[in-house]
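# An overview of the molecular structure
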Amino acid sequence: MVYRYQSDEDAFEEYPEPGSDLSALGAGPPPPAGPSPSRFPAPSLPRPNQLSLPSSQPVPTRADIPPAPPRSQIYTSATPMEPPARRGGGRLWQVLIGGAAVLVLLALCGLGAAALLIDRDDQPQNNPTYQPNAAPTSAAPERLTLDSRDTDQAPLTAKELFPGKELKLTDGQPSYQVLKTQSSGSCAVAATDEVADLLVRLGCNQVVRATLSTPDDSHLVTAGLFNLTDKVSAERTRDRLRQLLDERQGRFRGLTADDVDGTDVLASAPARVGWQVRGHYLAYALVVRKDGAAVKAGDAKVREILFDMIELHLSRGVLQSRADGGTAAQPTAAPTGSTASQGSDGGLPGD
């Protein structure tokens, strides 16, 4: 018996084409076996063209498919991945808007520059005009380096260290009286024995010193500068002096003045000595009491005198002025005092 299908779609309902949605199979109950209803009822007979399919696992339904893992379990990097940029019209609008913004910014900059130029033209010119023949402004004097005689070649002078008969260190304080000055090219005239040999051996070629009376007229002090080769030789002299003075292997000489009474104690009385290095110079001072009495180690008055002479006057005053360029250019023609007027080599205790 021959029959026909109601439609072509019904003929392939049980055999879906490859790639079709399998989930639609589970949407409802399976259709009844046999041909679809037609206008001509027929007995239920087996279809001659129906194929027998081998037994297999049932087709999975949508409920049997496991859900996709959440997004947070897939992208595990610290920075989430950005979605791809949109294409087409969105990109075109971004280009158009960016171009318009650049044009507006350039227009604003041009208006601002024009306003500045107009304002500048309206203001009077206060700056002086350049004159090619005008004298150049004097530059600040170059600071002198005191670390070596190569950079500090001008010799010391007695006038540079002690320019007058009085030496005033601070305002409102009485002055020291300058009794005698001396400048010599032989450093041995200001020391004895091993101390003198040490100065000569380390390149000392000049000493400038003076004897002064304290403002209260209770002490005498001989102070001055030794001119050594460089800073290294000055520091070596400084470090060696204490041992030589403590072991009585030499001493500094006091500068006596024949025309001033009482200065002979500089050659015989116990003295306190201090010294300091700045650059290639060794500053020193020797203090005695005018009555010839011994000077105590903790005497505050003597310490004040040493500080006045070495630190305030010689270092901060004379050498600082020399470093700033305020020194005399030439030495004096002859020493202001005679070396023959120095006292004998009486023993003095070291510092």
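The structure reproduced in this document is the subject of the present report.

### So, the overall build of the protein
- Helix and strand counts for the protein stand at six helices and six strands.
- Ordering the α and β elements of the protein from the N terminus gives α-α-α-β-β-α-β-β-α-β-β-α.
- Counting over 351 residues, the protein shows a buried share of 30%.
- For the protein, the proportion of contacts with a sequence separation of at least 24, taken over those separated by at least 6, is 74%.

### What about a nonpolar patch on the surface?
- Side chains of Val102, Leu103 and Leu106 sit close together on the surface and give an oily, nonpolar patch of about 320 Å² of accessible area.
- One can find Val102 in helix α2 (residues 89-122).

### What to know about the packing of aromatic side chains
- All told, the structure shown has three aromatic pairs when counted by the stated rule.
- Seen in terms of ring centroids, Phe252 and Tyr284 are 4.7 Å apart; in terms of plane orientation they differ by 20°. Their pairing is stacked. Of the two residues, Phe252 is situated in the loop between α5 (231-246) and β5 (272-278) and Tyr284 in strand β6 (residues 281-289); the sequence distance between them amounts to 32 residues.
- Under the relative-accessibility criterion, Tyr284 is labelled buried at 0%.
- A connected cluster of aromatic rings, assembled from ring pairs, spans Phe226, Phe252 and Tyr284.

### Remarks on the pairing of strand β4 (residues 219-227)
- Of all the nine residues making up β4, nine are buried; the element is thus mostly covered by neighbouring parts of the structure.
- Where burial is concerned, the two faces of β4 agree: the one with His219, Val221, Ala223, Leu225 and Asn227 and the one with Leu220, Thr222, Gly224 and Phe226 are both buried.
- Summarising the sheet, strand β3 (residues 206-213) and β4 pair through eight bridges and their orientation is antiparallel. By the bridge assignment, Ser213 is partnered in β4 with Leu220.
- Counting the residues in the hairpin turn of β3 and β4 gives five residues, including Asp217, whose phi is positive at 60°.
- Relative to β6, β4 runs antiparallel, the two being bridged by nine bridges. Along β6, the bridge assignment pairs Phe226 with Leu282.

### Examining the pairing of β3
- Most of β3 is tucked away, with eight of its eight residues classed as buried.
- Neither face of β3 is left uncovered, since the one carrying Gln206, Val208, Ala210 and Leu212 and the one carrying Val207, Arg209, Thr211 and Ser213 both have all their residues buried.
- Bridging between strand β2 (residues 176-184) and β3 involves seven bridges; their strand directions are antiparallel. By the bridge assignment, Lys180 is partnered in β3 with Thr211.

### A word on the state of the cysteines
- The full count for this structure, using the stated rule, is one disulfide.
- Note that Cys187 is cross-linked by a disulfide to Cys204, the S-S spacing being 1.9 Å. The sign of the S-S torsion, about -75°, decides the handedness of the disulfide formed by Cys187 and Cys204: left-handed. Here Cys204 lies in the loop between α4 (193-201) and β3 and Cys187 lies in the loop between β2 and α4, a separation of 17 residues in the sequence.
- Using a relative accessible area of 10% as the deciding quantity, one classes Cys204 as buried.

### Some points on the nonpolar core
- Counting residues in each nonpolar core, the largest one holds 30 residues, and the members touching the most others are Val195, Leu199, Phe226, Phe252, Leu282 and Val288.
- Taken together, the elements giving at least two residues each to this core come down to α4, β4, α5, β5 and β6.
- Of all hydrophobic cores here, the second largest spans 28 residues; its members include Ala158, Ala223, Tyr281 and Ile310.

### Re α5
- For α5, spanning 16 residues, the distance from its first C-alpha to its last is 24 Å, which sits close to the expected 22 Å at 1.5 Å a residue.
- Bending of α5 peaks at approximately 30° at the position of Arg240.
- Regarding α5, the residues found buried are Ser233, Ala234, Thr237, Leu241, Leu244 and Leu245.
- Of the surrounding elements, those touching the buried residues of α5 are α4, β5 and β6.
- Its side-chain oxygen 3.3 Å from the backbone nitrogen of Val232, Asp230 forms the N-cap of α5.

Procedures and definitions
- Residues numbered from 1 in each chain as written.
- Predicted model: local features only at pLDDT ≥ 70, side-chain atom pairs only at ≥ 80, totals over all residues.
- Heavy atoms only, no water.
- Helix = DSSP H or I, 4+ residues; strand = E, 2+ residues; numbered from the N terminus.
- Buried < 20%, exposed > 50% of the residue type's maximum accessible area, 1.4 Å probe, protein only.
- Contact = heavy atoms within 4.5 Å.
- Patch = residues over 30% accessible without salt bridge, like charges linked within 9 Å, V, L, I, M, F, W, Y side chains within 5 Å.
- Areas by Shrake-Rupley, 256 points an atom, 1.4 Å probe, with all protein chains shown as cover.
- Salt bridge = Lys/Arg side-chain N within 4 Å of Asp/Glu carboxyl O.
- Phe/Tyr/Trp six-rings, centres within 6.5 Å; stacked < 30°, edge-to-face > 60°.
- Pairing = 2+ DSSP bridges.
- Disulfide = S-S within 2.5 Å.
- Core = buried A, V, L, I, M, F, W, Y, C linked by side-chain atoms within 4.5 Å.
- Expected span 1.5 Å × (residues − 1).
- Bend = angle between axes of the 7 residues up to and from the residue.
- Polar contact = N/O pair within 3.5 Å; in protein donor to acceptor, adjacent residues only side chain to side chain.

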